[in-house]
Amino acid sequence: MAKKALRDRILSVQDIQSELVYVPEWDVEVEVRSMTGAQRARVLKGATVDGEVDLERLYPILLIETVYDPETGEPVFEAADRDALNAKNSGALERIAKVAMRLSGIDPGAEQEAGNA
């Protein structure tokens, strides 16, 4: 009985974190959310090429998976926006990606090392 109670408690917790991030390059504020396990798997799969993390793919995919409109709660970007995001200011991409990785418990250095292993 205790096992089921603990399981139910864990599975019912709302554990997705979020943070509002002001992006001066775009003069907007976005909500950045931590990733679910499924989102993290999609990001890592989509950003890995020949066993290595491809940074040209990583940041846009991170933004697609983690950036939400703070007013509506809807995702801001979709998969088709990857190339358009790569054409945006790198400082803005970096700022948002760092928050997304921090909220999701991703150490950028560890991910790069894992891709090189």
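This write-up is about the structure you can find in this document.

Cut-offs used in this document
- Residues numbered from 1 in each chain as written.
- Predicted model: local features only at pLDDT ≥ 70, side-chain atom pairs only at ≥ 80, totals over all residues.
- Heavy atoms only, no water.
- Phe/Tyr/Trp six-rings, centres within 6.5 Å; stacked < 30°, edge-to-face > 60°.
- Lys NZ or Arg CZ within 6 Å of the ring centre and 35° of its normal.
- Core = buried A, V, L, I, M, F, W, Y, C linked by side-chain atoms within 4.5 Å.
- Buried < 20%, exposed > 50% of the residue type's maximum accessible area, 1.4 Å probe, protein only.
- Contact = heavy atoms within 4.5 Å.
- Pairing = 2+ DSSP bridges.
- Helix = DSSP H or I, 4+ residues; strand = E, 2+ residues; numbered from the N terminus.
- Axes fitted to C-alpha atoms, helices over the stretch in contact; angles between N-to-C directions.
- Parallel < 35°, antiparallel > 145°, perpendicular 65-115°, else oblique.
- Left-handed = near helix turned anticlockwise from the far one by under 90°.
- Nonpolar A, V, L, I, M, F, W, Y, C, P; charged D, E, K, R; others polar.

**Overview of the packing of aromatic side chains**
Thinking step 1. Tallying each qualifying case throughout the model produces zero aromatic pairs.
Thinking step 2. Lying over the aromatic face of Y68, R33 brings its terminal NZ or CZ to 3.7 Å of the ring centre.

**Considerations on the nonpolar core**
Thinking step 1. In this structure, V30, V32, L58, Y59, L62, L63 and I96 are the most contacted members of the largest nonpolar core, which totals 26 residues.
Thinking step 2. Discounting chain neighbours no more than four positions away, the residues touching V30 are E19, L20, V21, V23, V67, Y68, P70 and I96.

**Structural notes on the sheet that holds strand β2 (residues 28-33)**
Thinking step 1. Taken together, the three strands give an open sheet; going across it, the order is β1-β2-β5, and neighbouring strands pair in antiparallel fashion. The sheet is open, and its two edges are formed by β1 (18-23) and β5 (67-68), each paired on a single side.
Thinking step 2. Examined bridge by bridge, β1 and β2 share six bridges and lie antiparallel to one another. Across the sheet, residue V23 finds its bridge partner in β2, namely V28.

**Looking at the packing of helix α2 (residues 37-47) against helix α3 (residues 55-66)**
Thinking step 1. Across the interface, α2 lies against α3 with an axial gap of 9 Å and an inter-helix angle of 155 degrees. Regarding the angle of α2 to α3, the classification is roughly antiparallel. Of the two possible hands of crossing, α2 and α3 adopt the one that is right-handed. Across the interface between the two elements, Q39, R42, V43, G46 and A47 from α2 touch R57, L58, I61, L62 and E65 from α3.
Thinking step 2. Classifying every residue of the contact of α2 with α3 gives five nonpolar, two polar and three charged.

That's the geometry; what it means functionally is another story.
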